[in-house]
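Coordinates in review
Listed below are the residues making up each chain.
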Amino acid sequence: MESHSSGALIPTEVFRGGQGDLTGFLGCLWQQAKASLLVPFLKIMVLLCLTMLILLFVERVYMGIVAVLIKIFRWKPEKKYKWEPMKEALQMGNSAVPMVLVQIPMCNEKEVYQLSIGAACGLSWPTDRIIIQVLDDSTDPAIKALKEQECRRWASRGINIKYEIREKRNGYKAGALRDGMKCSYVKLCDYVVIFDADFQPDSDFLYRTIPFLVHNPEIALVQTRWKFVSAFNCSNSDESLMTRMQEMSLNYHFIVEQEVGSYIYAFFGFNGTAGVWRISALNEAGGWKDRTTVEDLDLAIRAGLKGLKFLYVGEVEVKSELPSTFKAYQHQQHRWSCGPANLFRKVVMEIVRCKKVSPWRKFYLIYSFFFVQKIVIHIVMFIFYCVVLPATAMIPEVQVPIWGAVCIPVITLLNALGTPRSFHLAIFWILFENVMSLHRTKGTFIGLLEVGRVNEWIVTEKLGRVLQTNSGSKVPKKPRFRMGNRLQVLELFVGVYLFFCGCYDVAFGKSGLFIYLFLQSTAFFVVGFGHVGTFVPASS
């Protein structure tokens, strides 16, 4: 009995005393749990996170260097691929001009349908060599009637425009595009251009993109850049701090990820809109499939495995609208993180078994394009910076090297140079990206495990700021929400955890992490209480 007592992990005397002994017992229990469970586990997590950080750091530095070299040497698509104006084809008559199909998939979107239809009908191209196809999956009969009326209005002006509807919305956007390609008149077309409902191309869009496809048969896709900034209120990037953060993220995507992918590998992920496909290449790749919520990336992967080349033309910009509300942005980011992870699960063995591409391209697709850029980046940003690093403030036995704590923020600051006008917001961007990494990490795991909301598709809400501003009408005020509708429980939970870790660090720690922890917890609280996405009217 004595030997048993002497070997006990917790002395029995702590049960016999008062409150002081109970406090001592709890403290002893914490120390034992920390030493036997938490410290070893946290050390493993730190090691895994640092490994992922190194992978991400190397990837980001490599892409950044290539992007800088592209700018220094002023690489242009015209230098690598043949591009000539289509004057000769026009002089030979319209029959020598390629036939182009313009698809505009829609689902409700009452506020913006006139913008995209009007812009597509205003494209400069011989009228008998272009077909505008409006693919309407709207669930509201009144909105359907408005869109059909708009199509008839343009048809009365001599525009070759088709209004197509489906009985069932199977496959969502992929299903609409696939069914649209089955129409008999599509057989006459050589190329297909896709614009989402809020995209407004300039009139010379086709003359600046189609020549790349005409003169370079190896190119399957020409992708252009999305445009958000205008001094004439042609877009909504200045509506709120949230839309400014989105602009910074997307500018990095275009300036670095797509530019580098186009130049080095002739491959990148199709953005689903503002791009031109060679129809024969699209069909060769298997057409549109709805097995994931990222049908655009799915098509790009299959086309890439056929050895087809993609070209990014950043000088051609197409106006569009960013999600203005946090709810819309949250749904969009879930789809953009869950979809690629789920697609990776489905195509990884297809990539391995493919015989038409080199081992180097297989390695790039699996490791760089998918694993690092679509999975590691989301997981490491949340797990490390919002879970593991804060935990080390309460468990000083686990140390994180300084380089591990600062490497991603430093890279993020450099990435902010892609949006010079918003560089002063870089710190806010870092904090906001860490908040959004919560949803992206959750979406990534849902996609990898193929559970829950893996196939959820919610149309990103667009508010049509351009139309409302140009028409002279007042911009609608932000609708009022009840507090219960505004609260984001997950963000509040993480915010409380970070705040607690910060308080512990102030009281007992020596790491100095409390500055970061309080800032990051504030960001989570701001989002958690619904104070993001608020429209800020321009000063008169």
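Residues numbered from 1 in each chain as written. Predicted model: local features only at pLDDT ≥ 70, side-chain atom pairs only at ≥ 80, totals over all residues. Heavy atoms only, no water.

1. Some remarks on the nonpolar core
Within the largest apolar cluster, 158 residues are counted, with the highest numbers of intra-cluster contacts made by Val102, Ile117, Trp277 and Ile301. When residues in this core are grouped by element, the largest group, 19 residues, is from helix α13 (residues 359–391). Filtering out sequence-adjacent residues up to four positions away, Ile117 remains in contact with Ile104, Met106, Val134, Glu150, Cys151, Trp154 and Ile161. (Core = buried A, V, L, I, M, F, W, Y, C linked by side-chain atoms within 4.5 Å. Buried < 20%, exposed > 50% of the residue type's maximum accessible area, 1.4 Å probe, protein only. Helix = DSSP H or I, 4+ residues; strand = E, 2+ residues; numbered from the N terminus. Contact = heavy atoms within 4.5 Å.)

2. Re the environment of Ser437
Tracing the sequence through the fold places Ser437 in helix α15 (residues 426–449). Measuring from C-alpha to C-alpha, the distance between Ser437 and Tyr385 comes to 9.7 Å, with 52 residues separating the pair along the chain. What Ser437 contacts, discounting residues up to four positions off in sequence, is His378, Met381 and Phe382.

3. Brief notes about unusual backbone geometry
Trans peptide bonds make up most of the peptide bonds, and negative phi angles are found at most residues other than glycine. One non-glycine residue, Asn108, lies in the positive phi region at around 65°. In this fold, Asn108 is placed in the loop between β1 (100–106) and α5 (113–121). Located in the positive-phi region is Glu109, a residue other than glycine, with phi close to 50°. Mapped onto the secondary structure, Glu109 falls in the loop between β1 and α5. Of the residues examined, Glu109 reaches a relative accessible area of 16% and is grouped as buried.

4. A closer look at the pairing of strand β3 (residues 161–165)
Two elements, strand β2 (residues 130–136) and β3, share five bridges in a ladder whose sense is parallel. By the bridge assignment, Leu135 is partnered in β3 with Glu164. Where the polypeptide runs from β2 across helix α6 (residues 141–155) and back to β3, its parallel neighbour, the crossover connection is right-handed. (Pairing = 2+ DSSP bridges. Right-handed = clockwise from strand over helix to strand, strands pointing away.)

5. Thoughts on the packing of helix α14 (residues 402–415) against α15
Where α14 contacts α15, the axes come no closer than 10 Å and their chain directions differ by 125°. Regarding the angle of α14 to α15, the classification is oblique. α15 is crossed by α14, and the crossing has right-handed handedness. Between α14 and α15, the residues in contact are Pro409, Thr412, Leu413 and Asn415 and Ala426, Ile427, Trp429 and Ile430, respectively. Of the residues belonging to the contact of α14 with α15, the class tally is six nonpolar, two polar and no charged. (Axes fitted to C-alpha atoms, helices over the stretch in contact; angles between N-to-C directions. Parallel < 35°, antiparallel > 145°, perpendicular 65-115°, else oblique. Left-handed = near helix turned anticlockwise from the far one by under 90°. Nonpolar A, V, L, I, M, F, W, Y, C, P; charged D, E, K, R; others polar.)

6. Some points on the packing of aromatic side chains
Applying the stated criterion across every chain, the model contains 28 aromatic pairs. With 6.1 Å between their ring centres and 20° between their planes, Phe254 and Tyr312 make a pair best called stacked. Pair noted here: Phe254 is in helix α9 (residues 241–265) and Tyr312 is in strand β7 (residues 309–319), with a separation of 58 residues, a long-range link. Over the ring of Trp457 we find Arg335, and its NZ or CZ is 4.5 Å from the ring centre. Residue placement shows Lys374 over the ring face of Phe369; its charged tip is 4.0 Å from the ring centre. (Phe/Tyr/Trp six-rings, centres within 6.5 Å; stacked < 30°, edge-to-face > 60°. Lys NZ or Arg CZ within 6 Å of the ring centre and 35° of its normal.)

7. Some details on the sheet that holds strand β6 (residues 275–278)
Ordered in space as β3-β2-β1-β4-β6-β5-β7, the seven strands form an open sheet in which the pairing is mixed. Two strands lie at the open edges of the sheet, namely β3 and β7, each paired on one side alone. Direction aside, neighbouring strands of the sheet carry axes that sit 20° apart on average. For strand β5 (residues 219–227) and β7, the ladder comprises eight bridges, and the chain directions are parallel.

8. Considering the pairing of β5
For β5, a buried count of eight out of nine residues is recorded, marking the element as mostly surrounded by other parts of the structure. Pairing analysis gives three bridges linking β5 to β6, with the strands arranged antiparallel. Directly across from Val222, in β6, lies its bridge partner Val276.

9. Examining the UniProt feature "transmembrane region" (unreviewed entry) in the protein
Within the UniProt annotation, "transmembrane region" (unreviewed entry) is assigned to residues 44–70, 363–390, 402–432, 487–507 and 513–536. End-to-end, the C-alpha atoms of residues 363–390 are 34 Å apart, and along that stretch the chain is 100% helix and 0% strand. Here residues 487–507 is 90% helix and 0% strand, with 30 Å between the C-alpha atoms at its ends. (UniProt positions renumbered as here; feature names shortened; annotations may be inferred.)

10. With respect to the side chain of Ser138
Structurally, Ser138 is set in the loop between β2 and α6. Looking at Ser138, the relative accessible area reads 4%, which means it is buried. A polar contact of 2.7 Å, which involves the side chain of Ser138, links it to the backbone nitrogen of Asn108. One polar contact links Ser138 to Asp136, side chain to side chain, over a distance of 2.4 Å. Ser138 has contacts with Met106, Cys107, Asn108, Ile143, Lys144 and Lys147, leaving out every residue within four places of it along the chain. (Polar contact = N/O pair within 3.5 Å; in protein donor to acceptor, adjacent residues only side chain to side chain.)

11. Section: the pattern of salt bridges
The final tally for this structure, using the stated rule, is 22 salt bridges. A salt bridge links Arg421 to Asp238; its shortest N-O distance comes to 2.8 Å. Highlighted residues: Arg421 in the loop between α14 and α15 and Asp238 in the loop between β5 and α9, separated in sequence by 183 residues. For Arg421, a relative accessible area of 33% translates into the label partly exposed. (Salt bridge = Lys/Arg side-chain N within 4 Å of Asp/Glu carboxyl O.)

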